[in-house]
Amino acid sequence: IDGDLVIGKCSNSDREFKVDLQDFDKIKNICWCLQEKSKPGEIDRLIGWDVENKQLVKMHVYLGFKNYDHIDCDELNNTRKNLRPATESQNKMNCKNRSIGKSGYRGVCVTSQGTYYASIQFTMNNDGVKEVHRIRGIYRSNAEDAYIDYLKLALQYHKEYSSVYEDFYNYGLIT
């Protein structure tokens, strides 16, 4: 216990998880394990066995934060200040572990002719119908210019849920 924060250790690894002291009584009787993912784009998850309901649960869902996003993309950080309401689409926008392709930049594709373009995707719900939107930027001669295009698109469509939010500052798109 560190002030209002409880730091626990996963039962199957040396990895630590965080939860607020006010939530500790809810989670203390569950054995929390690290579920490591092996595919690109997937993140490690903190899961436990809910004996009462006989099912595996994610800690943040067990705490009552079902449609929430981990701001820092770390599912082991289940403090309330790190959780925010999010749609499924917003949660996917905030995934840091997406693979980076041949261009060397997230969201930048390279053509067989050696030009680069930004590509972004997002989902919108219109009257209960999910619509996937894909937007492609203009062709650029170098990857970094295409990445700046991607950042502009991410700022416009992903906003604060973007996994590259810090680069908005680094490239001077926001102050």
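One can find the structure itself at the top, above this paragraph.
One numbering rule holds for all chains: residues counted from 1, following each sequence as written. Totals for whole chains, interfaces and linings use every residue, but because this is a predicted model, local features are given only for residues with pLDDT of at least 70 and side-chain atom pairs only at 80 or more, for both listing and counting. With hydrogens and water set aside, each side-chain value is computed from the structure's full complement of heavy atoms.

Concerning the sheet that holds strand β11 (residues 129-136)
Backbone hydrogen bonds hold the strands of a sheet together, and the pairing may be parallel or antiparallel. At least two bridges found by DSSP between two strands are what make those strands a pair. The helix and strand labels rest on DSSP assignments: H or I over at least four residues marks a helix, E over at least two residues marks a strand, and numbering proceeds from the N terminus. Taken in spatial order, the three strands line up as β9-β10-β11 in an open sheet, and their pairing is antiparallel. Both edges of this open sheet fall to β9 (108-110) and β11, since each of them pairs with a single strand only. Averaged over all neighbouring strand pairs, the angle between strand axes comes to 30°, with direction disregarded. Two residues form a contact once any of their heavy atoms are found within 4.5 Å. Axis angles are defined between N-to-C directions and span 0 to 180 degrees, where every axis is a line fitted to C-alpha atoms and, for a helix, only to the segment in contact. The sheet strands contacting helix α4 (residues 143-157) are β9, β10 (116-126) and β11, and the helix crosses β10 at an angle near 15°.

Observations concerning unusual backbone geometry
Even without a glycine there, the phi angle at Lys-54 is positive, about 55°. Residue placement: Lys-54 occurs in the loop between β4 (45-50) and β5 (55-58). Non-glycine residue Lys-159 carries a positive phi angle of around 55°. Among the structural elements, Lys-159 can be located in the loop between α4 and α5 (165-170).

Details of the nonpolar core
Definition of nonpolar core: a set of buried residues of the types Ala, Val, Leu, Ile, Met, Phe, Trp, Tyr and Cys, connected through side-chain atoms within 4.5 Å. Three exposure classes are used, based on accessible area relative to the maximum for each residue type with a 1.4 Å probe and protein chains only: buried under 20%, partly exposed in between, and exposed over 50%. By size, the foremost hydrophobic cluster in this structure holds 15 residues, and its most contacted members are Phe-17, Ile-27, Trp-32, Leu-46 and Met-59. Secondary-structure elements contributing two or more residues to this core are β2 (16-20) and β3 (32-35). Beyond its immediate sequence surroundings of up to four residues, Phe-17 is in contact with Val-6, Ile-7, Gly-8, Lys-9, Cys-10, Ile-27, Trp-32, Leu-46, Met-59 and Leu-76. Ile-120, Tyr-147, Leu-153 and Val-164 belong to the second-largest nonpolar core, a separate cluster that totals 13 residues.

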